[in-house]
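Now for the letters of each chain:
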Amino acid sequence: MTSDSPPTVSRSPFPASPVITIDGPSASGKGTVAERVARALGFHFLDSGALYRLTALSAMKAGVALDDETSVARLAAELPASFHDGAVWLVDENVTAAIRAEAVGAGASQVAALPAVRDALLGRQRAYRQPPGLVADGRDMGTVIFPDAPAKVFLTASAEARAERRYKQLIEKGNSANLTDLVADMQARDARDTSRAVAPLRPAPDALLLDTTHMDIDSAVQAVLAHYRSRS
Ligand code: DC
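Here goes a summary of the coordinates provided. (Residues numbered from 1 in each chain as written. Predicted model: local features only at pLDDT ≥ 70, side-chain atom pairs only at ≥ 80, totals over all residues. Heavy atoms only, no water.)

Let's talk about the sheet that holds strand S7 (residues 151-156)
Within the open sheet, the five strands sit side by side as S2-S6-S1-S7-S8. Their pairing is parallel. Each of the sheet's edge strands pairs with one partner strand only, and the pair in question is strand S2 (44-47) and strand S8 (208-211). The average angle at which neighbouring strand axes cross in this sheet is 20 degrees, direction not considered. Along the sheet face, helix H1 (residues 30-41) touches strand S1 (19-23), S2, strand S6 (134-138) and S7 and points at about 175 degrees away from the line of S6. Its contacts with the sheet put helix H2 (residues 48-62) on S2 and S6, and the angle it makes with S2 is roughly 40 degrees. (Pairing = 2+ DSSP bridges. Helix = DSSP H or I, 4+ residues; strand = E, 2+ residues; numbered from the N terminus. Axes fitted to C-alpha atoms, helices over the stretch in contact; angles between N-to-C directions. Contact = heavy atoms within 4.5 Å.)

Have a look at this one:
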């Protein structure tokens, strides 16, 4: 989430601001595409996955078990998180890099399966809908959080293509990585995210399906912008 100041809930009598929802599996490129679409339109940007990552990190730091639904949901409801100076903060600690660690991603996937945690984060996500508009990136933006969004996109790519992208990112950052393990991780996370009982990863019925296996970021950004313009 990169709006510079925390959102306030709008009490405007005017129609709700437009929202473009971009959902899809991990490493589909949706984060980069969503950020660039938001920048092109001058819209706010919600990285909802960051909220699940922050919740998991808070639980890990507090020694709360990731399957203790009540305690994790309480942490999610009271998350002392903020997004400013291009960074993500938990109280006054810069956790931008920490929330991207693989272990925190795995923890986020676990806590995201808990209904009380999803409920606790609902209002916070909707509060990002502010003028002039919002681009919301996640798994259930078009199905649960903003079902009335005028433009919805489901961005995907094959597990192999996504694993390869993640592999390149890790190697570029000087980490070691194993492509076969990454494909297996990707498939396991997809299975968990699509089969969970609450808000499973699936396209909204009215979403544009965009397969980026053979598409570069620029083309994906242009396709999303064209879809939005065709709907507004
Ligand atoms: O997009 P990401 O990798 O930062 O998301 C981290 C985890 O959070 C991922 O396993 C799926 C979950 N998530 C979710 O369930 N719903 C969202 N709207 C966003 C993320």
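So, empty space enclosed by the protein
Following the criterion strictly, the structure yields one cavity of 30 Å³ or more and no others. Of the voids in this model, the largest cavity is the one considered here, and its volume is about 60 Å³. With four residues, the single largest contributor to the lining of the largest cavity is helix H8 (residues 179-195). Among the residues forming the lining of the largest cavity, the class breakdown is two nonpolar, one polar and four charged. (1 Å grid on protein atoms, 1.4 Å probe; cavity = no way out; pocket = protein on both sides within 12 Å on 5 of 7 lines; lining within 4 Å. Points joined across faces, edges and corners; volume = space filled by probe spheres on them. Nonpolar A, V, L, I, M, F, W, Y, C, P; charged D, E, K, R; others polar.)

Things to note about the pairing of strand S3 (residues 81-84)
Alignment of S3 against strand S4 (residues 87-90), held across four bridges, turns out to be antiparallel. Bridging across to S4, histidine 84 finds its partner in alanine 87. Linking S3 back to S4 in an antiparallel pair, the connection comprises two residues, with aspartate 85 at a positive phi of about 55 degrees.

With respect to the site of the ligand
Taken together, 17 residues lie near the ligand, and Arg53, Arg118, Arg139, Asp140 and Arg196 sit nearest. In this structure, a nitrogen atom belonging to the ligand sits 3.0 Å away from a side-chain N or O atom of serine 48. Between a nitrogen atom of the ligand and a side-chain N or O atom of aspartate 140, the distance comes to 2.9 Å. For the ligand, whose accessible area on its own is 450 Å², the fraction buried by protein is 96%. For the shell around the ligand, the leading source of residues is H2, giving four residues. (Near = heavy atom within 4 Å. Polar contact = N/O pair within 3.5 Å; in protein donor to acceptor, adjacent residues only side chain to side chain. Areas by Shrake-Rupley, 256 points an atom, 1.4 Å probe, with all protein chains shown as cover.)

A closer look at the packing of H2 against helix H3 (residues 69-77)
In contact at an axis separation of 9 Å, H2 and H3 are set at 120 degrees when each is read in the N-to-C sense. Regarding the angle of H2 to H3, the classification is oblique. Between H2 and H3 lies a crossing of right-handed hand. Only Val72, Leu75 and Ala76 of H3 make contact with H2, whose side of the interface consists of Thr55, Ser58 and Ala59. Among the residues forming the contact of H2 with H3, the class breakdown is four nonpolar, two polar and no charged. (Parallel < 35°, antiparallel > 145°, perpendicular 65-115°, else oblique. Left-handed = near helix turned anticlockwise from the far one by under 90°.)

Considering the nonpolar core
Residues Leu46, Leu54, Val117 and Phe146 are the most contacted members of the largest nonpolar core, which totals 34 residues. Of all the secondary-structure elements, those providing two or more residues to this core are H2, H3, S3, S4, helix H4 (102-111), helix H5 (115-126), S6 and helix H6 (141-145). Considering each element in turn, this core owes the most residues, seven residues, to H2. Each residue touching leucine 54, except ones within four places of it in the same chain, is listed here: Leu79, Ala81, Phe83, Val88, Leu90, Val95 and Ile99. By size, the runner-up hydrophobic cluster in this structure holds 18 residues, among which are Val33, Ala38, Val153 and Leu155. (Core = buried A, V, L, I, M, F, W, Y, C linked by side-chain atoms within 4.5 Å. Buried < 20%, exposed > 50% of the residue type's maximum accessible area, 1.4 Å probe, protein only.)

Considering the packing of aromatic side chains
Within the structure shown, the criterion is met by one aromatic pair. Geometrically, the ring pair formed by phenylalanine 43 and tyrosine 228 is edge-to-face, given 5.9 Å between the ring centres and 80 degrees between the ring planes. Linking phenylalanine 43 in the loop between H1 and S2 with tyrosine 228 in helix H9 (residues 217-231), this pair joins segments that are 185 residues apart in sequence. Note on accessibility: phenylalanine 43 and tyrosine 228 belong to one class, buried. (Phe/Tyr/Trp six-rings, centres within 6.5 Å; stacked < 30°, edge-to-face > 60°.)

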